[in-house]
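Summary of structural features
One letter stands for each residue in the lines below.
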Amino acid sequence: MNNRKHAQVKSSYKTWQAMASESASPDTKKTQPKLNDEWQKNLVTRLSLLQLDDGTSDVDIIVGEHKIPSHKTVLLLNSDLLTAGEISYNSKSQKMEIELLPEFSAMFEIVKTVIQSFYTGKISVSHENAKGIYKFASCYSVSWLTEQTFPILKGMINAQTFAELFDLAQNLSCKSLTTACLQKFDEKLAAAMTSTPEWLEQDYYRVKLISLSTDVQIPEIKMFEMVCKWLDHKPLERNSLSLSLLSNIHFDLIDHTNLINQVFTWINNSNSIDDKVRLNLFKIVSTSSQKNKLGYPAGFSRSKLSTQESASSTSSTVSTVSTASSSIGFSFGSVNTNPNSQSNSGLFGSGPTNFGNTGSLFG
């Protein structure tokens, strides 16, 4: 950079520092006359020359083995956290050095693009760099950039990207991205996701979060099947987690036919739970079913529950469901704890635990 251009850049930088100082003081700002629009436009254009200018920079951002020259004022205008991290002073360069988190070491180009956007207010966000930009903006609290990137990430959520974006949301503790992922979690996405090995290897906390969510758009019987599939993959290792996960299922949202044919059959015969858990689950399912003696229609999901509860049921719906309920006539009763007993004529026959017919499930 020649001496004339260098002087021009330094002059622009000092002007920007003065503006930043004024903008930080509301009382001072109120007393200032309105700046000429053309002058502001020209100033911003000149200040954009500061980006990546090692000659005027007072900060080096360390990204792995690379350095990005910047200016403390510019960083402060965009992110308070960048100047609050690992900061040291390099006596040789006479500049501050800000070392980014190790996870950004392989993201030099993305970080460089973000830092440049601090000077121009412009950045090109695509499907290829959106996750990296959003991660940086979230970690270092660059609010304008997270707001600009979020809609693009939200539009990227599908069966192929769900697991990756859902993990990103959890790693960043980002509630808005987590909600966006769960709202896209419909029956089609669930079927595609649970058919992959990745679902079977998901950690407990991810599965629990999905099983707890009221944003998911899948029938409750499908949620039950997903959790059971995850438990059955490693029955011995996940046995202790079964009650915690299955307690999140809204069994009162499962129609009575599926309760009998799938839920009770799995509970009675599964090797993923022990008899103590089996008893507790039977009690939970029985209690939940009593709350809804009429039953919800097949395919009903928890996301529709509040709407359903606020609307009055029509007489035709009551009549139809009531007829279906009365035709089930199911009971499971109490546990037969006598190993020599011959009373094995319950609905499920012989299994890990046998149940008699002394109590009614639906009352």
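Data block above holds the structure.
This write-up is about the structure you can find in this document. (Residues numbered from 1 in each chain as written. Predicted model: local features only at pLDDT ≥ 70, side-chain atom pairs only at ≥ 80, totals over all residues. Heavy atoms only, no water.)

Moving on, we come to the sheet that holds strand E3 (residues 86-90). If you trace the four strands from one edge of the open sheet to the other, you get E2-E1-E4-E3, paired in mixed fashion. The sheet terminates laterally at strand E2 (66-70) and E3, the two strands that pair on one side only. Across this sheet, the average inter-strand angle for adjacent strands is 30°, counted without regard to direction. Here five bridges tie strand E1 (residues 59-63) to E2, and the two strands are oriented antiparallel to one another. Residue pairing for E2: Val 59 is matched across the bridge by Ser 70. (Pairing = 2+ DSSP bridges. Helix = DSSP H or I, 4+ residues; strand = E, 2+ residues; numbered from the N terminus. Axes fitted to C-alpha atoms, helices over the stretch in contact; angles between N-to-C directions.)

Next up on the list: the nonpolar core. Within the largest apolar cluster, 77 residues are counted, with the highest numbers of intra-cluster contacts made by Ile 115, Phe 118, Phe 136, Phe 185 and Ile 210. Among residues more than four places away in sequence, those in contact with Phe 185 are Phe 162, Ala 190, Met 193, Ile 210, Val 216, Gln 217, Ile 218 and Met 226. (Core = buried A, V, L, I, M, F, W, Y, C linked by side-chain atoms within 4.5 Å. Buried < 20%, exposed > 50% of the residue type's maximum accessible area, 1.4 Å probe, protein only. Contact = heavy atoms within 4.5 Å.)

Okay, the packing of helix H6 (residues 130-139) against helix H7 (residues 143-156) next. Two quantities define a packed helix pair, namely the angle between the helix axes and the distance between the axes. Between H6 and H7, the least distance of the axes is 9 Å, while the angle of their chain directions is 140°. Relative to H7, the element H6 is oriented oblique. For the pair H6 and H7, the crossing hand works out as left-handed. Across from Ala 130, Lys 131, Ile 133, Tyr 134, Ala 137 and Ser 138 in H6, the residues of H7 making contact are Leu 145, Thr 146, Thr 149, Phe 150, Ile 152, Leu 153 and Met 156. Of the residues in the contact of H6 with H7, the class split is nine nonpolar, three polar and one charged. (Parallel < 35°, antiparallel > 145°, perpendicular 65-115°, else oblique. Left-handed = near helix turned anticlockwise from the far one by under 90°. Nonpolar A, V, L, I, M, F, W, Y, C, P; charged D, E, K, R; others polar.)

The next point concerns the packing of aromatic side chains. Evaluation of the coordinates by the stated rule reveals ten aromatic pairs. Between Tyr 204 and Tyr 205 the ring centres are 5.2 Å apart and the planes differ by 70°, which places this aromatic pair in the edge-to-face class. Of the residues examined, Tyr 204 reaches a relative accessible area of 16% and is grouped as buried. Taking 6.1 Å as the distance between ring centres and 65° as the angle between the ring planes, the aromatic pair formed by Phe 224 and Phe 251 counts as edge-to-face. Note that Phe 224 is positioned in helix H13 (residues 220-233) and Phe 251 in the loop between helix H15 (242-246) and helix H16 (256-269), a separation of 27 residues in sequence. By relative accessible area, which is 3% here, Phe 224 ends up buried. By relative accessible area, which is 1% here, Phe 251 ends up buried. Among the aromatic residues, those joined into a cluster by ring pairs are Phe 104, Phe 136 and Tyr 140. We note Lys 135 situated over the ring of Phe 104; from NZ or CZ to the ring centre the distance is 5.8 Å. (Phe/Tyr/Trp six-rings, centres within 6.5 Å; stacked < 30°, edge-to-face > 60°. Lys NZ or Arg CZ within 6 Å of the ring centre and 35° of its normal.)

Geometry only, nothing functional implied.
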